[in-house]
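# Residue-level structure breakdown
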Amino acid sequence: MARTVFVNGEYLPESEGKVSIFDRGFLFADGVYEVSAVVNGKLVDYPAHMERLGRSLAELRMDWPCTREALDAMHAELIRRNSLSEGIIYMQVTRGAADRAFNFPKDKVKPTLIAFTQPMKLVDNPNAITGVKVVTTPDLRWARRDIKTVMLLASVLGKQEAYEKGCHEAWMVEDGFVTEGTSSNAYIVKDGKLITRGLSNEILAGCTRRALFRLAKEEGVEIVERKFTVEEAYAADEACLTSASQFVMPIVEIDGHRIGGGQPGPVVRKLRELFLAEAGA
Ligand code: PLP
């Protein structure tokens, strides 16, 4: 069955969902996006995603495409029309379509809003049982990684490098320190403490990271917000990544170095369990 997608206020069969070739998202990557998980037909961490969307739009001086209530209704309607039980909703807002010029359009243009669903196995993800492998790669991105823009070429190249090396994710490295994954936040566990880079313009403030912090605190797991080096990661007791579509994902190998004997460790397994319980799995 073809999906129903959302394009500028209309619900359409996916083959009919189209945007202008003059759209600034297409020409300049002048747009932002959010990905929210759906478990048992319910959105996970949705308010945090909408809060971050508002921040991304404000940082790029872009208008909201519609009211927050209309966005909520759009998410609910896409779940309903596509009978989505488990998967993700992708939504994107761009500055709209206008004659090509780098500066913002002089006349007011309507932002473009599109959204679609993608069914995925999030809860019983087999990767979570085995754990995944990551490689490290230089961080080639710009200086405003805190804004969730669709300008993702460095992440595309990093992820492709990981796949070509038989790995699941690439951890990007700047000045010897891990920043984050190409589409996830990065953590190591040492002596029972969860270590991850603090928030700044150098990484995206993950919504799953935020939820994980709350769950870890409730569980009594100490969090240390600081940079860690690649060498520290090789010597970690455990490692993991977080994102809306992977939740808390154990890592068992970094650049060929086995972590925790090559098995997901107890701290990460517990945190994933807690996350799944809260997501209503
Ligand atoms: N960091 C980057 C670069 C990302 O692209 C993502 C998600 O796509 C994340 C972190 C994780 O963010 P979230 O947990 O909100 O999905």
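The structure displayed is predicted, hence computed values, not measured ones. (Residues numbered from 1 in each chain as written. Predicted model: local features only at pLDDT ≥ 70, side-chain atom pairs only at ≥ 80, totals over all residues. Heavy atoms only, no water.)

## Considerations on unusual backbone geometry
- The phi torsion at Ala29 lies on the positive side, around 55°, for a residue other than glycine.
- Within the secondary structure, Ala29 is located in the loop between helix H1 (24-28) and strand E3 (31-39).
- Non-glycine residue Ser83 carries a positive phi angle of around 45°.
- Here Ser83 is to be found in the loop between helix H3 (68-81) and strand E5 (87-94).
- Residue class for Ser83 comes out exposed when judged on its relative accessible area of 61%. (Helix = DSSP H or I, 4+ residues; strand = E, 2+ residues; numbered from the N terminus. Buried < 20%, exposed > 50% of the residue type's maximum accessible area, 1.4 Å probe, protein only.)

## As for the sheet that holds E5
- With respect to topology, 6 strands assemble into an open sheet ordered E2-E1-E6-E5-E3-E4, the strand pairing being antiparallel. The open sheet has two edge strands with one neighbour each: strand E2 (10-13) and strand E4 (42-44). Neighbour-to-neighbour, the strand axes of the sheet open up by a mean angle of 30°, direction not taken into account. (Pairing = 2+ DSSP bridges. Axes fitted to C-alpha atoms, helices over the stretch in contact; angles between N-to-C directions.)

## Things to note about the packing of aromatic side chains
- On inspection of all chains with the given rule, the structure shows 6 aromatic pairs.
- Consider the rings of Phe6 and Tyr11, whose centres lie 5.1 Å apart with planes at 70°: the pair is edge-to-face.
- Exposure remark for Phe6: the relative accessible area of 9% places this residue in the buried category.
- Note on Tyr11: relative accessible area 25%, which makes it partly exposed. (Phe/Tyr/Trp six-rings, centres within 6.5 Å; stacked < 30°, edge-to-face > 60°.)

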